[in-house]
Amino acid sequence: MMTLYYAGPSPFARKVLVAAHELGLATQINPVAVSVSPVGVNPDVAAANPLGKIPTLVLANGEAIFDSRVIVDYFDSLTDRSLAPRSGAERWTVLTAQAQADGMADAALLARYEAALRPEPLRWSAWETGQMDKVVRGLTTFEAGALTAGDDLTIADIALGCALGYLDFRFAELDWRQTHPRLAAFYAELAKRSSWIATDQRS
Ligand SMILES: N[C@@H](CCC(=O)N[C@@H](CS)C(=O)NCC(=O)O)C(=O)O
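Colleague: Where do I start with the site of the ligand in this structure?
Modeller: Taken together, 13 residues sit near the ligand, with Ser10, Ile54, Asp67, Ser68 and Tyr113 positioned nearest. Here a nitrogen atom of the ligand sits 2.8 Å away from a polar atom, N or O, in the main chain of Ile54. At a separation of 2.9 Å, a nitrogen atom of the ligand approaches a polar side-chain atom of Tyr113. Here the ligand has 510 Å² of accessible area as a free molecule, and 88% of this is covered by the chains. Put simply, the ligand lies in the largest pocket. Within the residue set of the shell around the ligand, elements represented by two or more residues are helix H1 (11-22) and helix H4 (89-116). Here the residues of the shell around the ligand sort into eight nonpolar, three polar and two charged.

Colleague: Looking at this model, I keep getting lost on the nonpolar core. Mind explaining?
Modeller: The tendency in soluble globular proteins is for nonpolar side chains to be buried side by side. Grouped together as the largest cluster of nonpolar side chains are 60 residues, with contacts concentrated most on Phe75 and Leu164. For this core, the elements supplying multiple residues, two or more each, are strand S1 (2-6), H1, strand S3 (56-58), helix H3 (68-78), H4, helix H5 (125-144), helix H6 (155-170) and helix H8 (181-190). A total of 10 residues in this core trace back to one element, the largest contributor, which is H6. When residues of this core are sorted by domain, at least three fall in each of domain 1 (2-78) and domain 2 (89-198).

Colleague: How should I be thinking about the environment of Leu95 in this particular structure?
Modeller: Topologically, Leu95 is positioned in helix H4. Along the sequence, Leu95 and Pro9 sit 86 residues apart, while their C-alpha atoms lie 23 Å from each other. Not counting residues within four places of it along the chain, the set of residues in contact with Leu95 comprises Ala84 and Ile155.

Colleague: Whenever I open this one, the sheet that holds S3 confuses me. Can you help?
Modeller: Through backbone hydrogen bonds, the strands of a sheet pair up, either in parallel or in antiparallel fashion. Strand order across the open sheet formed by four strands is S2-S1-S3-S4, with mixed pairing between neighbours. The sheet is open, and its two borders are formed by strand S2 (29-33) and strand S4 (64-65), each paired with just one other strand. Here S1 runs beside S2; their pairing, made up of five bridges, is parallel. Within S2, the residue paired with Met2 across the bridge is Ile29.

The rules behind each value
Residues numbered from 1 in each chain as written. Predicted model: local features only at pLDDT ≥ 70, side-chain atom pairs only at ≥ 80, totals over all residues. Heavy atoms only, no water. Near = heavy atom within 4 Å. Polar contact = N/O pair within 3.5 Å; in protein donor to acceptor, adjacent residues only side chain to side chain. Areas by Shrake-Rupley, 256 points an atom, 1.4 Å probe, with all protein chains shown as cover. 1 Å grid on protein atoms, 1.4 Å probe; cavity = no way out; pocket = protein on both sides within 12 Å on 5 of 7 lines; lining within 4 Å. Sits in = over half its atoms within 2 Å of the grid points. Helix = DSSP H or I, 4+ residues; strand = E, 2+ residues; numbered from the N terminus. Nonpolar A, V, L, I, M, F, W, Y, C, P; charged D, E, K, R; others polar. Core = buried A, V, L, I, M, F, W, Y, C linked by side-chain atoms within 4.5 Å. Buried < 20%, exposed > 50% of the residue type's maximum accessible area, 1.4 Å probe, protein only. Domains from an automatic or database assignment. Contact = heavy atoms within 4.5 Å. Pairing = 2+ DSSP bridges.

So, in structure tokens, the structure goes:
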């Protein structure tokens, strides 16, 4: 059995959990919910991962695997099915799209930390705006690009869905569906999947 340190609202943890469901590995994972922040380290997570970040996967032999992209690659190595083409030009397209979606989630998370964690007198609105501009540019290019949520689902689709779900949760006022109809349709399709429903545990 593998242990997965996660948090319900984390887009990166959800990506890993959705991947595990899609690859048929969910029953081999014991998810352990934790609370982490840059100013509130969890000792169990830090013992496995010096960065103190989730998701962190701990294998039966005690070895830790992180971050989310490495965990997904590890899951891919355990199954015949892969969430990214194993070779060819398409591999780099999918992995770069995953990086773009993850980067949007990273930027949104940093903006959230700025607004929720940093003491008011230390906040810098230009910095927060800069992070949200990354999110908006990412939305624009995904809206204009190729989107699938069908049987050939990739890790890029999952990462994008997790970033969008995080925007719903923390930045509902952004109302991304209003200005990105193709992304809205993509997300609605993704949300029908059993892997998506099983991992909906925002809190
Ligand atoms: N690049 C990492 C990002 C993970 C990440 O930023 N996780 C957040 C929660 S969503 C976290 O652990 N934050 C605590 C901290 O920054 O100390 C990944 O893909 O796993």
